[in-house]
Amino acid sequence: MTDRLPGFSTLAVHAGAQPDPTTGARATPIYQTTSFVFNDADHAASLFGLQAFGNIYTRIGNPTNAVLEERVAALEGGAAALAVASGHAAQLVVLQQLMKPGDEVIAARKLYGGSINQFTHAFKAFGWNVAWADPDEIESFERAVTPHTKAIFIESIANPAGSITDIEAIAAVARKAGVPLIVDNTLASPYLIKPIDHGADIVVHSLTKFLGGHGNSLGGIIVDAGTFDWSKDNKYPMLSEPRPEYHGIRIQETFGNFAFAIACRVLGLRDLGPALSPFNAFMILTGIETLPLRMQKHCDNAKAVAEFLSTHPAVSAVNYAGLPGDRYNALQRKYAPKGAGAVFTFSLKGGYDAGVNLVSNLRLFSHLANVGDTRSLVIHPASTTHSQLDDAAKVRSGAAPEVVRLSIGIEDKEDLIADLDQALRA
Ligand SMILES: *Cc1c(COP(=O)(O)O)cnc(C)c1O
(Lines give C-alpha, C1' and ligand atoms only; values in the text may rest on other atoms or scores of the structure.)
Protein backbone atom coordinates (compact mmCIF):
# COMPACT_ATOMS: atom_id res chain seq x y z
CA MET A 1 0.00 0.00 0.00
CA THR A 2 1.10 3.56 -0.66
CA ASP A 3 0.13 6.77 1.14
CA ARG A 4 -1.87 7.96 -1.86
CA LEU A 5 -5.39 9.11 -1.09
CA PRO A 6 -7.69 6.75 -2.97
CA GLY A 7 -9.51 8.15 -6.00
CA PHE A 8 -13.27 8.24 -6.55
CA SER A 9 -13.53 4.91 -8.41
CA THR A 10 -11.46 3.13 -5.75
CA LEU A 11 -13.68 4.55 -2.99
CA ALA A 12 -16.80 3.50 -4.93
CA VAL A 13 -15.60 -0.13 -4.77
CA HIS A 14 -13.87 -0.26 -1.37
CA ALA A 15 -14.82 2.54 1.06
CA GLY A 16 -16.24 1.18 4.31
CA ALA A 17 -15.85 -2.51 3.38
CA GLN A 18 -13.47 -5.13 4.76
CA PRO A 19 -13.50 -8.91 4.34
CA ASP A 20 -16.00 -10.25 6.88
CA PRO A 21 -14.03 -10.86 10.12
CA THR A 22 -15.85 -14.13 10.86
CA THR A 23 -16.07 -15.83 7.46
CA GLY A 24 -13.67 -13.96 5.17
CA ALA A 25 -16.55 -13.17 2.80
CA ARG A 26 -15.27 -10.53 0.35
CA ALA A 27 -18.62 -9.06 -0.70
CA THR A 28 -20.35 -7.27 2.18
CA PRO A 29 -22.74 -9.80 3.78
CA ILE A 30 -26.42 -9.01 4.29
CA TYR A 31 -26.75 -8.98 8.09
CA GLN A 32 -30.41 -9.93 7.95
CA THR A 33 -31.06 -9.71 11.68
CA THR A 34 -33.23 -7.47 13.80
CA SER A 35 -31.00 -7.46 16.89
CA PHE A 36 -27.50 -8.12 18.26
CA VAL A 37 -26.37 -9.98 21.40
CA PHE A 38 -24.62 -7.87 24.09
CA ASN A 39 -21.25 -9.04 25.51
CA ASP A 40 -22.49 -8.49 29.07
CA ALA A 41 -24.72 -6.19 31.11
CA ASP A 42 -22.15 -3.36 31.24
CA HIS A 43 -21.75 -3.47 27.45
CA ALA A 44 -25.53 -3.28 27.04
CA ALA A 45 -25.76 -0.31 29.40
CA SER A 46 -22.95 1.58 27.65
CA LEU A 47 -24.54 1.04 24.21
CA PHE A 48 -27.87 2.36 25.42
CA GLY A 49 -26.21 5.35 27.08
CA LEU A 50 -24.27 6.25 23.89
CA GLN A 51 -20.98 5.69 25.77
CA ALA A 52 -19.92 2.97 23.30
CA PHE A 53 -20.53 2.45 19.58
CA GLY A 54 -22.05 -0.86 18.58
CA ASN A 55 -25.08 -2.69 17.27
CA ILE A 56 -28.29 -2.87 19.25
CA TYR A 57 -31.28 -3.18 16.92
CA THR A 58 -31.55 -2.74 13.13
CA ARG A 59 -33.92 0.24 13.39
CA ILE A 60 -30.98 2.20 14.88
CA GLY A 61 -28.10 0.64 12.92
CA ASN A 62 -26.97 -2.50 11.06
CA PRO A 63 -23.49 -3.63 9.85
CA THR A 64 -24.54 -3.86 6.16
CA ASN A 65 -26.08 -0.39 6.34
CA ALA A 66 -22.93 0.87 8.11
CA VAL A 67 -20.78 -0.04 5.08
CA LEU A 68 -23.18 1.88 2.83
CA GLU A 69 -23.03 4.87 5.20
CA GLU A 70 -19.23 4.92 5.25
CA ARG A 71 -19.05 4.54 1.48
CA VAL A 72 -21.38 7.42 0.64
CA ALA A 73 -19.77 9.65 3.29
CA ALA A 74 -16.40 8.97 1.61
CA LEU A 75 -17.73 9.65 -1.90
CA GLU A 76 -19.35 12.93 -0.81
CA GLY A 77 -16.38 14.04 1.33
CA GLY A 78 -18.52 14.17 4.50
CA ALA A 79 -17.72 13.32 8.14
CA ALA A 80 -20.47 10.68 8.57
CA ALA A 81 -23.73 9.46 7.04
CA LEU A 82 -27.00 7.79 7.99
CA ALA A 83 -28.90 5.48 5.64
CA VAL A 84 -32.70 5.46 5.79
CA ALA A 85 -35.59 3.82 3.94
CA SER A 86 -36.09 6.36 1.12
CA GLY A 87 -35.13 9.77 -0.15
CA HIS A 88 -38.23 11.27 1.45
CA ALA A 89 -37.34 9.67 4.79
CA ALA A 90 -33.92 11.37 4.58
CA GLN A 91 -35.58 14.76 4.09
CA LEU A 92 -37.96 14.16 7.00
CA VAL A 93 -35.25 13.00 9.41
CA VAL A 94 -32.94 15.94 8.53
CA LEU A 95 -35.60 18.58 9.10
CA GLN A 96 -36.88 16.95 12.30
CA GLN A 97 -33.50 17.74 13.92
CA LEU A 98 -33.70 21.40 12.87
CA MET A 99 -37.35 22.48 12.95
CA LYS A 100 -39.91 23.21 15.64
CA PRO A 101 -43.52 24.28 14.97
CA GLY A 102 -43.46 27.83 13.60
CA ASP A 103 -39.96 27.50 12.13
CA GLU A 104 -39.26 28.04 8.43
CA VAL A 105 -37.27 26.28 5.74
CA ILE A 106 -36.44 28.14 2.53
CA ALA A 107 -36.78 25.72 -0.39
CA ALA A 108 -35.93 26.10 -4.06
CA ARG A 109 -39.05 26.21 -6.19
CA LYS A 110 -37.49 23.74 -8.62
CA LEU A 111 -37.66 20.46 -6.71
CA TYR A 112 -38.64 16.87 -7.40
CA GLY A 113 -42.47 16.80 -7.52
CA GLY A 114 -42.70 14.45 -4.52
CA SER A 115 -40.59 16.87 -2.48
CA ILE A 116 -42.91 19.75 -3.36
CA ASN A 117 -45.83 17.66 -2.03
CA GLN A 118 -43.90 16.63 1.10
CA PHE A 119 -42.90 20.22 1.92
CA THR A 120 -46.28 21.75 1.04
CA HIS A 121 -48.62 19.30 2.75
CA ALA A 122 -46.93 16.84 5.14
CA PHE A 123 -44.45 19.33 6.66
CA LYS A 124 -47.10 22.02 6.95
CA ALA A 125 -49.11 19.65 9.16
CA PHE A 126 -46.09 19.59 11.56
CA GLY A 127 -46.23 23.39 11.75
CA TRP A 128 -43.08 23.71 9.61
CA ASN A 129 -43.46 26.62 7.19
CA VAL A 130 -41.92 26.67 3.72
CA ALA A 131 -40.77 29.85 1.95
CA TRP A 132 -40.23 29.14 -1.75
CA ALA A 133 -37.35 30.81 -3.59
CA ASP A 134 -36.23 30.81 -7.20
CA PRO A 135 -32.85 29.09 -7.75
CA ASP A 136 -32.33 31.26 -10.84
CA GLU A 137 -32.58 34.41 -8.70
CA ILE A 138 -30.24 34.24 -5.68
CA GLU A 139 -31.71 37.42 -4.12
CA SER A 140 -35.02 35.58 -3.68
CA PHE A 141 -33.28 33.37 -1.07
CA GLU A 142 -31.89 36.44 0.74
CA ARG A 143 -35.33 38.07 0.77
CA ALA A 144 -36.90 34.93 2.24
CA VAL A 145 -34.65 34.86 5.35
CA THR A 146 -36.46 35.67 8.63
CA PRO A 147 -35.61 35.14 12.35
CA HIS A 148 -37.55 31.83 12.08
CA THR A 149 -35.45 30.45 9.18
CA LYS A 150 -33.72 27.20 10.21
CA ALA A 151 -32.44 25.79 6.91
CA ILE A 152 -32.16 26.26 3.14
CA PHE A 153 -32.98 23.30 0.87
CA ILE A 154 -31.99 23.03 -2.83
CA GLU A 155 -31.26 20.40 -5.50
CA SER A 156 -27.81 20.44 -7.17
CA ILE A 157 -29.25 19.38 -10.54
CA ALA A 158 -32.96 20.16 -10.37
CA ASN A 159 -36.00 18.29 -11.62
CA PRO A 160 -37.52 18.12 -14.14
CA ALA A 161 -35.39 20.03 -16.66
CA GLY A 162 -31.93 19.19 -15.29
CA SER A 163 -31.11 22.83 -14.49
CA ILE A 164 -27.87 23.46 -12.55
CA THR A 165 -28.03 25.35 -9.24
CA ASP A 166 -25.40 27.92 -8.20
CA ILE A 167 -24.61 26.10 -4.93
CA GLU A 168 -21.82 28.48 -3.83
CA ALA A 169 -24.02 31.58 -4.15
CA ILE A 170 -26.81 29.99 -2.08
CA ALA A 171 -24.27 28.63 0.45
CA ALA A 172 -23.15 32.24 0.98
CA VAL A 173 -26.75 33.26 1.76
CA ALA A 174 -27.04 30.35 4.24
CA ARG A 175 -23.76 31.28 5.96
CA LYS A 176 -24.85 34.90 6.35
CA ALA A 177 -28.21 33.75 7.80
CA GLY A 178 -26.43 31.32 10.18
CA VAL A 179 -28.39 28.30 8.91
CA PRO A 180 -27.26 25.06 7.23
CA LEU A 181 -27.51 24.53 3.48
CA ILE A 182 -29.08 21.16 2.64
CA VAL A 183 -28.45 19.91 -0.91
CA ASP A 184 -30.43 17.08 -2.52
CA ASN A 185 -27.70 15.60 -4.75
CA THR A 186 -29.82 12.79 -6.23
CA LEU A 187 -29.72 13.76 -9.91
CA ALA A 188 -25.99 14.58 -9.92
CA SER A 189 -24.58 11.88 -7.62
CA PRO A 190 -21.16 12.65 -6.08
CA TYR A 191 -19.56 11.51 -9.36
CA LEU A 192 -20.76 14.72 -11.06
CA ILE A 193 -21.05 17.18 -8.14
CA LYS A 194 -19.78 17.13 -4.54
CA PRO A 195 -21.90 19.82 -2.85
CA ILE A 196 -19.80 19.83 0.34
CA ASP A 197 -16.86 21.17 -1.72
CA HIS A 198 -19.12 24.09 -2.65
CA GLY A 199 -20.33 24.94 0.88
CA ALA A 200 -23.17 22.48 1.61
CA ASP A 201 -23.52 21.48 5.29
CA ILE A 202 -25.80 18.48 4.72
CA VAL A 203 -26.28 16.35 1.59
CA VAL A 204 -29.31 14.09 1.07
CA HIS A 205 -29.94 11.48 -1.59
CA SER A 206 -32.64 9.27 -2.91
CA LEU A 207 -30.42 6.17 -3.23
CA THR A 208 -33.31 4.78 -5.28
CA LYS A 209 -31.98 6.63 -8.34
CA PHE A 210 -28.40 6.79 -9.69
CA LEU A 211 -26.54 5.52 -6.58
CA GLY A 212 -28.49 2.24 -6.50
CA GLY A 213 -28.77 2.69 -10.23
CA HIS A 214 -30.74 -0.38 -11.28
CA GLY A 215 -34.32 0.57 -10.45
CA ASN A 216 -34.70 -2.27 -7.93
CA SER A 217 -34.40 -0.84 -4.37
CA LEU A 218 -35.63 2.20 -2.48
CA GLY A 219 -33.25 3.94 -0.10
CA GLY A 220 -32.13 7.33 1.18
CA ILE A 221 -29.09 8.78 2.90
CA ILE A 222 -28.06 11.84 4.92
CA VAL A 223 -24.43 13.00 4.76
CA ASP A 224 -23.13 15.32 7.49
CA ALA A 225 -20.32 17.59 6.26
CA GLY A 226 -19.21 18.02 9.88
CA THR A 227 -18.63 21.76 9.47
CA PHE A 228 -21.68 23.49 11.00
CA ASP A 229 -21.64 24.92 14.55
CA TRP A 230 -24.94 23.67 15.95
CA SER A 231 -24.49 25.29 19.37
CA LYS A 232 -24.28 28.91 18.25
CA ASP A 233 -27.09 31.03 19.80
CA ASN A 234 -28.87 27.83 20.90
CA LYS A 235 -30.70 27.90 17.58
CA TYR A 236 -30.75 24.07 17.29
CA PRO A 237 -31.71 22.79 20.76
CA MET A 238 -31.94 19.13 19.59
CA LEU A 239 -28.16 19.29 19.13
CA SER A 240 -27.09 21.76 21.80
CA GLU A 241 -29.32 21.08 24.84
CA PRO A 242 -29.10 18.13 27.26
CA ARG A 243 -31.06 15.13 25.96
CA PRO A 244 -33.31 13.63 28.63
CA GLU A 245 -33.47 10.25 26.80
CA TYR A 246 -29.66 9.89 27.00
CA HIS A 247 -28.82 10.84 30.63
CA GLY A 248 -28.61 14.56 29.76
CA ILE A 249 -25.77 14.41 27.21
CA ARG A 250 -25.50 17.24 24.66
CA ILE A 251 -25.18 15.80 21.14
CA GLN A 252 -22.83 18.39 19.63
CA GLU A 253 -20.60 18.61 22.72
CA THR A 254 -20.27 14.79 22.85
CA PHE A 255 -19.96 13.92 19.16
CA GLY A 256 -18.21 16.96 17.65
CA ASN A 257 -17.99 16.97 13.89
CA PHE A 258 -20.42 14.11 13.34
CA ALA A 259 -23.03 15.37 15.78
CA PHE A 260 -25.64 15.93 13.10
CA ALA A 261 -25.40 12.37 11.75
CA ILE A 262 -25.65 11.05 15.33
CA ALA A 263 -28.71 13.20 16.07
CA CYS A 264 -30.38 11.92 12.89
CA ARG A 265 -29.72 8.33 14.06
CA VAL A 266 -30.41 8.41 17.80
CA LEU A 267 -33.20 11.01 17.82
CA GLY A 268 -34.59 10.82 14.26
CA LEU A 269 -34.32 7.27 12.96
CA ARG A 270 -34.74 5.69 16.39
CA ASP A 271 -38.01 7.52 17.08
CA LEU A 272 -39.52 8.06 13.61
CA GLY A 273 -38.54 4.57 12.42
CA PRO A 274 -37.85 4.69 8.65
CA ALA A 275 -35.00 2.14 8.75
CA LEU A 276 -33.40 0.80 5.56
CA SER A 277 -33.61 -2.95 5.02
CA PRO A 278 -30.10 -4.53 5.02
CA PHE A 279 -31.09 -6.31 1.81
CA ASN A 280 -31.68 -2.96 0.09
CA ALA A 281 -28.39 -1.66 1.53
CA PHE A 282 -26.63 -4.62 -0.11
CA MET A 283 -28.32 -3.98 -3.48
CA ILE A 284 -27.42 -0.29 -3.34
CA LEU A 285 -23.79 -1.02 -2.31
CA THR A 286 -23.48 -3.32 -5.32
CA GLY A 287 -24.85 -0.55 -7.52
CA ILE A 288 -22.42 2.04 -6.14
CA GLU A 289 -19.41 -0.08 -7.18
CA THR A 290 -20.13 0.83 -10.82
CA LEU A 291 -21.39 4.40 -10.20
CA PRO A 292 -18.47 6.13 -12.02
CA LEU A 293 -18.81 3.87 -15.09
CA ARG A 294 -22.58 4.15 -15.26
CA MET A 295 -22.75 7.88 -14.59
CA GLN A 296 -20.29 8.73 -17.36
CA LYS A 297 -22.22 6.55 -19.82
CA HIS A 298 -25.55 8.10 -18.69
CA CYS A 299 -24.09 11.58 -19.36
CA ASP A 300 -22.48 10.71 -22.70
CA ASN A 301 -25.68 9.07 -23.94
CA ALA A 302 -27.83 11.97 -22.70
CA LYS A 303 -25.64 14.49 -24.54
CA ALA A 304 -25.89 12.49 -27.78
CA VAL A 305 -29.67 12.18 -27.46
CA ALA A 306 -30.03 15.91 -26.63
CA GLU A 307 -27.92 16.81 -29.68
CA PHE A 308 -30.06 14.56 -31.88
CA LEU A 309 -33.31 16.06 -30.57
CA SER A 310 -32.08 19.64 -30.92
CA THR A 311 -31.86 19.23 -34.71
CA HIS A 312 -35.09 17.22 -35.12
CA PRO A 313 -37.88 18.95 -37.11
CA ALA A 314 -40.63 17.76 -34.70
CA VAL A 315 -38.87 19.29 -31.68
CA SER A 316 -39.21 22.97 -30.76
CA ALA A 317 -36.78 23.13 -27.80
CA VAL A 318 -34.35 21.00 -25.77
CA ASN A 319 -33.41 21.91 -22.16
CA TYR A 320 -30.10 20.17 -21.50
CA ALA A 321 -27.36 21.99 -19.58
CA GLY A 322 -24.72 20.06 -21.53
CA LEU A 323 -25.64 21.81 -24.81
CA PRO A 324 -23.48 24.88 -25.59
CA GLY A 325 -26.43 27.25 -26.06
CA ASP A 326 -28.28 26.21 -22.88
CA ARG A 327 -28.87 28.88 -20.20
CA TYR A 328 -27.27 26.57 -17.58
CA ASN A 329 -24.23 25.64 -19.68
CA ALA A 330 -21.83 27.98 -17.82
CA LEU A 331 -22.97 26.61 -14.43
CA GLN A 332 -22.65 23.07 -15.79
CA ARG A 333 -19.06 23.66 -16.85
CA LYS A 334 -18.30 25.05 -13.36
CA TYR A 335 -20.14 22.52 -11.17
CA ALA A 336 -20.47 19.37 -13.29
CA PRO A 337 -17.67 19.39 -15.87
CA LYS A 338 -17.83 15.61 -16.42
CA GLY A 339 -21.42 15.85 -17.70
CA ALA A 340 -24.82 17.42 -17.19
CA GLY A 341 -26.57 14.30 -15.89
CA ALA A 342 -29.13 12.10 -17.60
CA VAL A 343 -32.47 13.79 -16.88
CA PHE A 344 -33.78 16.56 -19.12
CA THR A 345 -36.87 17.81 -20.94
CA PHE A 346 -37.69 18.76 -24.50
CA SER A 347 -40.73 20.31 -26.20
CA LEU A 348 -42.71 19.01 -29.16
CA LYS A 349 -44.10 21.28 -31.88
CA GLY A 350 -47.27 19.12 -31.89
CA GLY A 351 -48.18 20.03 -28.26
CA TYR A 352 -50.11 17.80 -25.83
CA ASP A 353 -51.24 15.20 -28.41
CA ALA A 354 -47.72 14.82 -29.78
CA GLY A 355 -46.48 14.16 -26.22
CA VAL A 356 -49.11 11.46 -25.66
CA ASN A 357 -48.32 9.88 -29.07
CA LEU A 358 -44.58 9.90 -28.43
CA VAL A 359 -44.81 7.98 -25.13
CA SER A 360 -47.19 5.49 -26.77
CA ASN A 361 -44.91 4.86 -29.76
CA LEU A 362 -41.55 4.48 -27.99
CA ARG A 363 -40.46 0.83 -27.70
CA LEU A 364 -37.10 0.83 -25.91
CA PHE A 365 -37.94 3.68 -23.50
CA SER A 366 -40.18 2.66 -20.58
CA HIS A 367 -43.11 4.98 -19.86
CA LEU A 368 -43.02 5.36 -16.07
CA ALA A 369 -42.45 7.76 -13.17
CA ASN A 370 -38.84 7.26 -12.14
CA VAL A 371 -35.34 8.43 -13.03
CA GLY A 372 -31.82 7.06 -12.68
CA ASP A 373 -32.36 3.50 -13.90
CA THR A 374 -29.95 1.62 -16.23
CA ARG A 375 -32.95 1.58 -18.61
CA SER A 376 -34.05 4.69 -20.51
CA LEU A 377 -37.29 6.17 -19.17
CA VAL A 378 -39.82 8.66 -20.50
CA ILE A 379 -42.79 10.52 -19.07
CA HIS A 380 -45.20 13.13 -20.41
CA PRO A 381 -45.77 15.20 -17.24
CA ALA A 382 -48.87 17.05 -18.51
CA SER A 383 -50.87 13.82 -18.88
CA THR A 384 -49.48 12.10 -15.75
CA THR A 385 -47.62 13.61 -12.77
CA HIS A 386 -48.87 17.17 -13.40
CA SER A 387 -52.30 16.37 -14.92
CA GLN A 388 -54.13 17.86 -11.89
CA LEU A 389 -52.70 21.36 -12.56
CA ASP A 390 -54.31 23.96 -14.83
CA ASP A 391 -52.36 25.02 -17.93
CA ALA A 392 -50.75 28.09 -16.32
CA ALA A 393 -49.58 26.06 -13.32
CA LYS A 394 -48.25 23.36 -15.67
CA VAL A 395 -46.14 25.94 -17.49
CA ARG A 396 -44.83 27.44 -14.21
CA SER A 397 -43.65 24.04 -12.96
CA GLY A 398 -41.88 23.16 -16.21
CA ALA A 399 -44.60 20.70 -17.29
CA ALA A 400 -46.21 22.58 -20.17
CA PRO A 401 -48.47 20.41 -22.41
CA GLU A 402 -45.76 19.96 -25.07
CA VAL A 403 -42.97 18.97 -22.62
CA VAL A 404 -41.57 15.42 -22.39
CA ARG A 405 -39.04 14.32 -19.72
CA LEU A 406 -36.36 11.72 -20.39
CA SER A 407 -34.02 9.82 -18.06
CA ILE A 408 -31.37 8.38 -20.33
CA GLY A 409 -30.05 4.91 -19.51
CA ILE A 410 -26.84 3.07 -20.35
CA GLU A 411 -27.98 1.26 -23.51
CA ASP A 412 -26.27 1.93 -26.88
CA LYS A 413 -26.95 5.54 -27.79
CA GLU A 414 -27.62 4.60 -31.44
CA ASP A 415 -30.54 2.42 -30.31
CA LEU A 416 -31.99 5.19 -28.15
CA ILE A 417 -31.77 7.69 -31.00
CA ALA A 418 -33.32 5.20 -33.46
CA ASP A 419 -36.22 4.57 -31.05
CA LEU A 420 -36.89 8.29 -30.59
CA ASP A 421 -36.61 8.84 -34.33
CA GLN A 422 -39.21 6.16 -35.19
CA ALA A 423 -41.57 7.38 -32.44
CA LEU A 424 -41.29 11.02 -33.56
CA ARG A 425 -42.11 9.98 -37.15
CA ALA A 426 -45.08 7.78 -36.15
C1 LIG B 1 -36.91 10.33 -6.14
C2 LIG B 1 -36.41 11.58 -5.54
C3 LIG B 1 -36.64 11.88 -4.18
C4 LIG B 1 -37.46 10.98 -3.28
O5 LIG B 1 -36.80 9.77 -3.10
P6 LIG B 1 -37.56 8.38 -2.73
O7 LIG B 1 -36.43 7.43 -2.60
O8 LIG B 1 -38.49 8.09 -3.87
O9 LIG B 1 -38.29 8.65 -1.45
C10 LIG B 1 -36.13 13.06 -3.67
N11 LIG B 1 -35.42 13.91 -4.44
C12 LIG B 1 -35.19 13.66 -5.76
C13 LIG B 1 -34.39 14.63 -6.55
C14 LIG B 1 -35.66 12.48 -6.34
O15 LIG B 1 -35.41 12.26 -7.64
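Residues numbered from 1 in each chain as written. Predicted model: local features only at pLDDT ≥ 70, side-chain atom pairs only at ≥ 80, totals over all residues. Heavy atoms only, no water.

Looking now at the domain arrangement of the protein chain. Annotation of the protein chain at the domain level lists domain 1 (31–287) and domain 2 (291–425). The interface of domain 1 with domain 2 comprises 30 residues on the first partner and 33 residues on the second. Summing both partners gives a buried area of about 2600 Å² for domain 1 against domain 2, and 61% of it is carried by carbon and sulfur. It is Ile164, Tyr191 and Phe210 in domain 1 that bury the most area against domain 2; as a group they hold 30% of the surface buried on that side. Joining domain 1 to domain 2, the criterion identifies two salt bridges. Measuring nitrogen to oxygen at the nearest pair gives 2.8 Å for the salt bridge that ties Lys334 to Glu168. Across the domain 1-domain 2 interface, the total number found is 14 residue pairs in polar contact (both at pLDDT 80 or more). Elements with a contribution of two residues or more to the side of domain 1 that touches domain 2: strand 6 (163–164), helix 7 (167–177) and helix 8 (189–192). Of the residues belonging to the side of domain 1 that touches domain 2, the class tally is 14 nonpolar, 11 polar and five charged. (Domains from an automatic or database assignment. Contact = heavy atoms within 4.5 Å. Buried area = accessible area lost by both parts, 1.4 Å probe. Salt bridge = Lys/Arg side-chain N within 4 Å of Asp/Glu carboxyl O. Polar contact = N/O pair within 3.5 Å; in protein donor to acceptor, adjacent residues only side chain to side chain. Helix = DSSP H or I, 4+ residues; strand = E, 2+ residues; numbered from the N terminus. Nonpolar A, V, L, I, M, F, W, Y, C, P; charged D, E, K, R; others polar.)

Further remarks concern the packing of aromatic side chains. In this structure the tally under the stated criterion is 15 aromatic pairs. Ring geometry for Phe123 and Trp128: centres 5.0 Å apart, planes at 50 degrees, overall tilted. On the basis of an interplanar angle of 75 degrees and a centroid distance of 4.9 Å, the ring pair of Phe126 and Trp128 is categorised as edge-to-face. Accessibility expressed as a relative area gives 41% for Phe126, which makes it partly exposed. Each residue in the set Phe119, Phe123, Phe126, Trp128, Trp132 and Phe153 is aromatic and connected to the rest through ring pairs, giving one cluster. Across from the ring centre of Tyr112, 4.6 Å away, lies the NZ or CZ of Lys209, which sits over that ring. (Phe/Tyr/Trp six-rings, centres within 6.5 Å; stacked < 30°, edge-to-face > 60°. Buried < 20%, exposed > 50% of the residue type's maximum accessible area, 1.4 Å probe, protein only. Lys NZ or Arg CZ within 6 Å of the ring centre and 35° of its normal.)

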